[in-house]
Amino acid sequence: MVEKEIQMIADTIGAKYEPKSIVLTSKKINNLNELISFKIALIVSDDISSISELECKIYIDVDSEIPYDIVIYRASEWLYLKEDTTTFAYKIYSQGVWLYGERLS
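Because the structure is predicted, anything quoted here is derived from the model rather than measured.

### Structural notes on the sheet that holds strand β2 (residues 35–44)
Read from one edge of the open sheet, 4 strands run β3-β2-β1-β4, paired in mixed fashion. Each end of this open sheet is capped by a strand with a single partner; those strands are β3 (68–74) and β4 (97–101). Across the sheet, the mean angle separating the axes of adjacent strands is 25 degrees when strand polarity is ignored. Here 7 bridges tie β2 to β3, and the two strands are oriented parallel to one another. Looking at β3, one finds that F38 is bridged to Y68.

Spelled out as structure tokens, the structure:
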């Protein structure tokens, strides 16, 4: 199950930045069954000139009461890395929950 807070952040990022996909990679729940943090992966166009600038803009523009982390892949590197079983991209592809956009195969 995806908590509504996570989906709201994904929808906000999706509407503002139009990535190809957003995938929930992990979430942390405390012993009271409350969401305390989460990590999402964005797959973006190869045309993005600076991944680090995009990441900073997202953190500035998309505020959340629940802390979150972002990892960003360009589409071309995603297509390559998701096939390598030793990469985080492979783990995301095989175990992540798609929140926005298409599941890039």
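Let's pick the thread back up.
### Some words on helix α1 (residues 4–17)
Between the first and last C-alpha of α1 there are 20 Å, a value that for 14 residues agrees with the 20 Å anticipated at 1.5 Å per step. Listing the buried residues of α1 in full gives I6, I9, A10, I13 and G14. Buried residues of α1, viewed axially, fall in a sector of 130 degrees; they line one side. Turned more than 90 degrees away from the buried face of α1, the exposed residues are K4, M8, A15 and K16.

### Quick look at the packing of aromatic side chains
Applying the stated criterion across every chain, the model contains 5 aromatic pairs. With centroids separated by 5.6 Å and ring planes inclined at 40 degrees, the aromatic side chains of Y59 and Y68 adopt a geometry described as tilted. A relative accessible area of 9% means that Y68 is categorised as buried. Between the aromatic rings of W78 and Y93, the centroid separation amounts to 6.2 Å while the plane-to-plane angle is 65 degrees, which identifies the pairing as edge-to-face. In this pair, W78 is assigned in helix α3 (residues 75–81) and Y93 in helix α4 (residues 88–95), connecting sequence segments 15 residues apart. For the pair W78 and Y93, one class covers both residues: buried. Through successive ring pairs, a cluster of aromatic residues spans Y73, W78, Y93 and W98. Over the face of the ring belonging to W98 we find R103, whose NZ or CZ atom lies 4.4 Å from the ring centre.

Here is what the cut-offs are and how they apply
- Residues numbered from 1 in each chain as written.
- Predicted model: local features only at pLDDT ≥ 70, side-chain atom pairs only at ≥ 80, totals over all residues.
- Heavy atoms only, no water.
- Pairing = 2+ DSSP bridges.
- Helix = DSSP H or I, 4+ residues; strand = E, 2+ residues; numbered from the N terminus.
- Axes fitted to C-alpha atoms, helices over the stretch in contact; angles between N-to-C directions.
- Expected span 1.5 Å × (residues − 1).
- Buried < 20%, exposed > 50% of the residue type's maximum accessible area, 1.4 Å probe, protein only.
- Arc of directions from axis to C-beta.
- Phe/Tyr/Trp six-rings, centres within 6.5 Å; stacked < 30°, edge-to-face > 60°.
- Lys NZ or Arg CZ within 6 Å of the ring centre and 35° of its normal.

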